[in-house]
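# Report on the structure
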Amino acid sequence: MSRSAHPAGPRHADVLPEGHYTAPPADLNALDPRVWSRTVTRDADGVATLGGIPVTRLAEEFGTPAYFLDEDDFRARCRAWHDAFGGEADVFYAGKAFLSRAVVGWLHEEGLNLDVCSAGELTTALAAGMPAERIAMHGNNKTTDEIERAVTAGVGRIVLDSFQEIVRVAHIAERLGRRQRVQIRVTVGVEAHTHEFIATAHEDQKFGIALADGQAAEAVRRVLKLDSLELAGIHSHIGSQIFDMAGFEVSARRVVQLLAEVRDEHGVELPEIDLGGGLGIAYTSEDDPREPHEIAKSLSDIVTRECAAAGLAVPRISVEPGRAIVGPTTFTLYEVGTLKELPGLRTYVSVDGGMSDNIRTALYDAEYSVALASRVSSAGPMLSRVVGKHCESGDIVVKDAFLPADLAPGDLLAVPATGAYCRSMASNYNHALRPPVVAVKDGKARVIMRRETEEDLLRLDVG
Ligand SMILES: *Cc1c(COP(=O)(O)O)cnc(C)c1O
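This is a predicted model, so every value here is computed, not measured.

### A few points about the UniProt feature "modified residue: N6-(pyridoxal phosphate)lysine" (unreviewed entry) in the protein chain
- Under the local residue numbering, the UniProt record ascribes the feature "modified residue: N6-(pyridoxal phosphate)lysine" (unreviewed entry) to Lys96.
- If you trace the backbone, Lys96 turns up in the loop between β5 (89-94) and α3 (101-109).
- Apart from the residues lying within four places of it in its own chain, the contact partners of Lys96 are Cys117, Glu121, Tyr421 and Ser424.

In structure tokens:
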């Protein structure tokens, strides 16, 4: 990462390992618009507000911890992605980032399509009225039941992930008297990480069918022989939280090469390519994500160029952003419970949630920002670690943060950019009750996913 070791803050500077923190921000009360959703600001009293509603009121009405989602921001991001390709591409929102019936409704209204990867996600999408032809079904081990339900519903595409699945989907479609549109997911030998990508001959992971050794070409051969499958195109997804377009360019080039091989061997020009999701967002002020229109231009240019070189008509492109749409729309609001100063190290700030509502820090060493939201403070910076209330020392929400030194129990902390992979990965660890998701729009807040109750816990536990 571009993170560099600056001179440390006023406290504890000497014992910190280099590069694990940056200097305290010039203004601890600032809410960097790069990291916060677009209707977040502070009111005249210094209280952070979302859609005009102070977080103190949100906390009173909905409790903490809770996720607060900026609906205008969500819709604006949908539109930006939709418009980025000038209507010349299909945008599939990756439902696994965060899915609820309200979200499906917004996607539908904003003209986006939807990726699902389980029966539960499919059920939610259909229950909320997403037309089946705008749904794509993913997964590296779809069950027979999931395939049957997807085919019966008439999903627009099933993305085939293995040789077994080719046969399985074909058989089910045949039995149901359907011809199912499919794409083949290939692994292009590009592994993308934040700010970099690595080209490898064989990606050592579970998804897709390798381009290497002619495996993907063999998958195409098999699919084309099956009457109950209609091969619409090739799919490639190279990673997550990616900032560097180079990995996408290599991926697009290799997918187009496969299309050319398919044309040469079978005389068929496949009409679609899907370049997946994985576009990065700003979790901290250090991150500098690209705008959808820049990403769209870069992808369209490379596909157009490679197709021209191969003498192919340009296929219809689709992309699958999840994090880049919902991630920045949401913050999690917590109440501070206890503070422990470890002299010479840092202050541990315990909040009323933790790894049950945000597992990403523990799981991926993810970085987050945090701000004192219920007031402003003129106190100096205090090097802090925001931790949860779970029985794990790895229960960390924000590893390194500067918070005002007068932070006290009862203060509200907000952690931005928690819209993706937080509620959707939430757990009941320690019998925690998963927090609600509250959508705010035009000064009105409504619960779109309610808080779990102890009754919910006991209902699952049948004794
Ligand atoms: C996870 C996933 C996505 C979305 O990834 P983001 O990082 O949320 O954009 C898109 N496509 C596929 C196949 C995925 O598995």
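Here the narrative resumes.
### Brief notes about the site of the ligand
- Taken together, the neighbourhood of the ligand is formed by 14 residues, with Lys96, Ser240, Glu320, Arg323 and Tyr421 sitting nearest.
- Here a nitrogen atom of the ligand sits 3.4 Å away from a polar atom, N or O, in the side chain of His237.
- Within the side chain of Tyr421, an N or O atom sits 2.5 Å from an oxygen atom of the ligand.
- Compared with its free state, where it exposes 390 Å², the ligand has 93% of that area covered by protein.
- Its residues assigned to classes, the shell around the ligand comprises 3 nonpolar, 7 polar and 4 charged.

### As for unusual backbone geometry
- The step from Thr64 to Pro65 runs through a cis peptide bond, and the omega angle for that step is -10°.
- By the element assignment, Pro65 lies in the loop between α1 (55-62) and β4 (66-70).

### Side note on helix α2 (residues 71-84)
- Compared with the 20 Å implied by 1.5 Å per residue over 14 residues, the 20 Å span of α2 between its first and last C-alpha is a close match.
- Of all the positions in α2, only Glu71, Asp73, Phe74, Arg75, Ala76, Arg77, Cys78, Trp81 and Ala84 are classed as buried.
- Positive backbone phi, approximately 60°, marks Gly86, located one or two places after α2.

How each quantity is defined
- Residues numbered from 1 in each chain as written.
- Predicted model: local features only at pLDDT ≥ 70, side-chain atom pairs only at ≥ 80, totals over all residues.
- Heavy atoms only, no water.
- UniProt positions renumbered as here; feature names shortened; annotations may be inferred.
- Helix = DSSP H or I, 4+ residues; strand = E, 2+ residues; numbered from the N terminus.
- Contact = heavy atoms within 4.5 Å.
- Near = heavy atom within 4 Å.
- Polar contact = N/O pair within 3.5 Å; in protein donor to acceptor, adjacent residues only side chain to side chain.
- Areas by Shrake-Rupley, 256 points an atom, 1.4 Å probe, with all protein chains shown as cover.
- Nonpolar A, V, L, I, M, F, W, Y, C, P; charged D, E, K, R; others polar.
- Expected span 1.5 Å × (residues − 1).
- Buried < 20%, exposed > 50% of the residue type's maximum accessible area, 1.4 Å probe, protein only.

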